[in-house]
Amino acid sequence: MSEPALAVRDLTVAYGPVPVVRNLSLEIAAGEVVGLIGPNGAGKTTTLLAIMGDVSARGGDVRLAGRSLRGQGADAIVRSGVALVPEGRHVFGDMTVAENLKLGLVGRRSEDGLEGDLEWVHSLFPIVREFGERQAGALSGGQQQQLAIARALLAQPEVLLLDEPSLGLAPTVVDIVFEALQAIRERGVTILLVEQRAQRTIAFADRTYVMRDGAVRMTLTPDDADATETIREAYFGS
Amino acid sequence: MTALQWIIDGVALGAVYALVAVGMALVFGVMRLINFAHGELITAGAYTLALTSSWPLVGSIAACIAVSVAMAVATERIAFRPLRGASPATALVATFAVAFALEAVWLVAFGPEGRTADLLSDLNRPAIGGELDVRWVTIIQLVLGGALLAGLALMLNRTSIGLQMRAAAADPRAARLLGIRTNRVIALAFVLAGVLAAVVALLLTAQTPLVTPTLGLQVAILGLVGVVVGGIDRLPSATAGGFAIGFLTAVLGNALSADMRVFLPSFTFALVIIVLLVRPAGMFAPLRGQAVERV
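This write-up is about the structure you can find in this document. Nothing here was measured: the structure is a model prediction, and the numbers come from that model.

## So, the overall build of chain A
Along the backbone of chain A there are nine helices and 10 strands. Since a compact globule built from 238 residues should have a radius of gyration of about 18 Å, the 17 Å found for chain A is in line with a globular shape. Overall, chain A is about 50 × 40 × 40 Å in size when its C-alpha atoms are taken along their principal axes. Counting only contacts in chain A whose residues sit at least 6 apart along the sequence, the fraction spanning at least 24 positions is 68%. On chain A, roughly 9,900 Å² of surface is accessible, and the fraction owed to carbon and sulfur atoms is 48%. Placing the 23 positive and 31 negative side-chain charges of chain A at their respective mean positions leaves the two points 4 Å apart.

## Points about the sheet that holds strand S4 (residues 59-64) of chain A
All names here are of chain A. Pairing is antiparallel in the open sheet, where four strands are placed in the order S2-S1-S4-S5. Strand pairing shows two members of the sheet lacking a second neighbour, strand S2 (18-28) and strand S5 (67-68), which therefore form its edges. Examined bridge by bridge, strand S1 (residues 6-15) and S4 share five bridges and lie antiparallel to one another. Paired with Leu-6 across the strands is Leu-64, a residue of S4. Seen against the sheet, helix H1 (residues 44-51) touches S1, S2 and S4 and runs at an angle of roughly 115° to S1.

## With respect to the interface of chain A and chain B
Taken together, the contact between chain A and chain B spans 20 residues of the former and 17 residues of the latter. Both sides of the chain A and chain B interface together cover about 1,700 Å² of buried area, and 61% of this is carbon and sulfur. Here B:Arg173 ties to A:Asp54 by a salt bridge, and the two come within 2.5 Å at their closest N and O atoms. In this assembly, chain A and chain B are joined by seven residue pairs in polar contact (both at pLDDT 80 or more).

## Some remarks on the pairing of strand S8 (residues 190-194) of chain A
Residues and elements named next belong to chain A. Of all five residues in S8, five are buried; the element is thus mostly enclosed. Burial along S8 is two-sided: the face carrying Thr-190, Leu-192 and Val-194 and the face carrying Ile-191 and Leu-193 are both buried. Of the strand pairs in this sheet, strand S3 (residues 33-37) and S8 are connected by four bridges, and their pairing is parallel. Within the sheet, the bridge partner assigned to Gly-35 lies in S8 and is Leu-193. With five bridges joining them, strand S7 (residues 159-163) and S8 adopt parallel strand pairing. Note that in S8 the partner of Asp-163 across the bridge is Val-194. Crossover S7 to S8 through helix H7 (residues 171-186) is right-handed.

## Some words on empty space enclosed by the protein
Space left empty within the atom packing is revealed by a probe, the size of a water molecule, rolled over the atoms. Across all of its chains, the model carries one cavity of 30 Å³ or more by this definition. One number sums up the size of the largest cavity: a volume of about 40 Å³. Along its surface, the largest cavity is lined by A:Val78, A:Ala83, A:Leu84, A:Gly104, A:Ala152, A:Ala155, B:Leu177 and B:Leu178. By residue class, the composition of the lining of the largest cavity is seven nonpolar, one polar and no charged.

## Some remarks on the sheet that holds S8(A)
Residues and elements named next belong to chain A. One open sheet holds the six strands; their spatial order is S6-S7-S8-S3-S9-S10, and the pairing between them is mixed. With partners counted over all chains shown, the strands left at the sheet margins are strand S6 (82-85) and strand S10 (215-220), one partner each. The sheet shows a mean angle of 20° between the axes of neighbouring strands, taken without regard to direction. Contacts between H7 and the sheet are confined to S3, S7 and S8, with S8 contributing the most and set at about 150° to the helix. On the sheet, helix H9 (residues 228-236) packs against S3, strand S9 (207-212) and S10 and is oriented at approximately 40° with respect to S9.

## Some words on a nonpolar patch on the surface
All names here are of chain B. A cluster of nonpolar side chains, namely Leu-271, Ile-273, Ile-274, Leu-277 and Val-278, defines an oily patch on the protein surface of about 520 Å² accessible area. Considering the arrangement of structural elements, one finds Ile-274 in helix H11 (residues 264-278). A residue is classified by how much of its surface remains accessible, and Ile-274, at 48% relative accessible area, is partly exposed.

## Some thoughts on the packing of aromatic side chains
Inspection of every chain in the model, using the stated rule, returns 10 aromatic pairs over all chains. Ring geometry for A:Tyr235 versus A:Phe236: centroids 5.7 Å apart, planes at 55°, classification tilted. With a relative accessible area of 61%, A:Phe236 lands in the exposed category. Judged by centre distance (6.4 Å) and plane angle (20°), the ring pair of B:Trp106 and B:Phe110 falls under stacked. Highlighted residues: B:Trp106 and B:Phe110, both in helix H4 (residues 88-110), separated by four residues, approximately one helical turn. Using a relative accessible area of 7% as the deciding quantity, one classes B:Trp106 as buried. Among the aromatic residues, ring-to-ring pairing joins B:Phe36, B:Phe96 and B:Phe100 into one connected group. Directly above the aromatic system of A:Trp120 lies the positively charged group of A:Arg187, at a separation of 4.0 Å from the ring centroid. The ring of A:Phe178 has A:Arg200 sitting right over it, with the charged end atom 4.6 Å from the ring centre.

## Examining the pattern of salt bridges
For side chains bearing opposite charge, pairing can occur when the charged atoms are close. Going through the model one piece at a time under the given rule, you end up with 17 salt bridges over all chains. For A:Arg207, the salt bridge is made with A:Glu32, and the minimal N-O distance between the two is 2.7 Å. Here A:Glu32 lies in the loop between S2 and S3 and A:Arg207 lies in strand S9, a separation of 175 residues in the sequence. The partner of A:Arg108 in a salt bridge is A:Asp117, with the nearest N and O atoms 3.0 Å apart. A residue is classified by how much of its surface remains accessible, and A:Asp117, at 9% relative accessible area, is buried. In the salt-bridge network here, residues are joined through shared partners; they are A:Asp54, B:Arg173 and B:Arg176.

## Here we look at the pairing of S4(A)
Residues and elements named next belong to chain A. Pairing analysis gives two bridges linking S4 to S5, with the strands arranged antiparallel. The residue of S5 that forms the bridge with Arg-63 is Ser-68. As consecutive antiparallel partners, S4 and S5 are separated by two residues, and within that stretch Ala-65 has a phi angle of approximately 45°, a positive value.

Procedures and definitions
Residues numbered from 1 in each chain as written. Chains lettered and ligands numbered in written order. Predicted model: local features only at pLDDT ≥ 70, side-chain atom pairs only at ≥ 80, totals over all residues. Heavy atoms only, no water. Helix = DSSP H or I, 4+ residues; strand = E, 2+ residues; numbered from the N terminus. Rg over C-alpha atoms; globule rule 2.2 N^0.38 Å. Contact = heavy atoms within 4.5 Å. Areas by Shrake-Rupley, 256 points an atom, 1.4 Å probe, with all protein chains shown as cover. Lys, Arg positive; Asp, Glu negative; His and termini not counted. Charge placed at Lys NZ, Arg CZ, Asp CG, Glu CD. Pairing = 2+ DSSP bridges. Axes fitted to C-alpha atoms, helices over the stretch in contact; angles between N-to-C directions. Buried area = accessible area lost by both parts, 1.4 Å probe. Salt bridge = Lys/Arg side-chain N within 4 Å of Asp/Glu carboxyl O. Polar contact = N/O pair within 3.5 Å; in protein donor to acceptor, adjacent residues only side chain to side chain. Buried < 20%, exposed > 50% of the residue type's maximum accessible area, 1.4 Å probe, protein only. Right-handed = clockwise from strand over helix to strand, strands pointing away. 1 Å grid on protein atoms, 1.4 Å probe; cavity = no way out; pocket = protein on both sides within 12 Å on 5 of 7 lines; lining within 4 Å. Points joined across faces, edges and corners; volume = space filled by probe spheres on them. Nonpolar A, V, L, I, M, F, W, Y, C, P; charged D, E, K, R; others polar. Patch = residues over 30% accessible without salt bridge, like charges linked within 9 Å, V, L, I, M, F, W, Y side chains within 5 Å. Phe/Tyr/Trp six-rings, centres within 6.5 Å; stacked < 30°, edge-to-face > 60°. Lys NZ or Arg CZ within 6 Å of the ring centre and 35° of its normal.

Keep in mind these numbers describe shape, not what the thing actually does.
So this is what it looks like as structure tokens:
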């Protein structure tokens, strides 16, 4: 069997004495979409930041296609092929949309295929082309989210991590985001999606892990999307 | 005629202090560190000019830039990088420590009476005839100051590394997560600060050739005040603040009678206090929510 695109093994992260993620393990095969849901404070964002090397793990390992990322900084990890769309989007409001996109290129390993990628990103999110010269801070929340995803894609990631991309968005914009995620999946990018929209995520992802108190408590498949009782139990414990 | 003279002197000194301010603000932007030791880079450059005054002009200027830049990079690597992540107060105290330690080094090495860096003193000749006192050094301060600021703005707005610097200043974590190499961006900020400090050393010694151990410290204090008064968060406002403090110092220096000139700093800082009382975020900081509050 080939190595998983992304494997997290026994990851433990603590802020001070308080462990936020405890012995977390998960695997994502290449091209797979995996959801990660759970109540606030479950450790989802911390897990993503630990994968990116932005918070240091107390124990465990993160492997990208078999290679350990342990001890590497975020800049090196982005260049290895992992990109994160952070919670709250974090676009640079004082810069133009085009400048924000240009920053996405910093983490790219090579210029190869750049034009094709730009075209693809523009077709996924027409607003980033249309509003290229606008200040990113002047965009609506939904438009900023599209910009944040577009920016991450320009780093040419093999694995794309998204932290609550639908947070605070109007339902029509959530549709746009999930349609884009489907297109990204079809392009073969491996996706780890942290979300609060549990049902939608379970239906969309190949597998969804439910995380509570820093550990995975349950694994759900798209068939469980309507099993609200099961989801509730996984969220809050029985 | 006097008013015009004051304005010319003010704009020239303003240009010099704008360079001091932008050097400090660049480092603050990417590191959130108020580098009090910035002035010592200026002193180091000025002493280099004094010690190499027998060299050909170009060599002396090159040495001045090289020493200031090397010192900027060295202080970052030795003193400030290990303290990254420490509290801002700790880092600030470290910059004080570096500043005063270096000042002591200058004192021991070169003595308290000062050295003369007069290789550019020819520039003190009048550039135009008539009543106005416009010297070549004034013109060079204006032109060089303007050109450097414009070049820096171009670099920050048009180049990839400039864009990365702005990103790291605006949102360090988001910048890191995009793959921006923090160490490289910070090192570049210090290199630029070193170059700017060297140019300030050149301009100041061209005007007044005496180099004393406290030269840079005095400049740094005033420059820092300018940065804070202007608004430390943004390069343009910090630069404008530096310009304003330089302008004010020159104009007050002209306006005060000879026996009152000793109180120049008191007048300057009194005005600074008033500005900060009215605009705590900085004189040139963008207005936030003010329009709403006024309704």
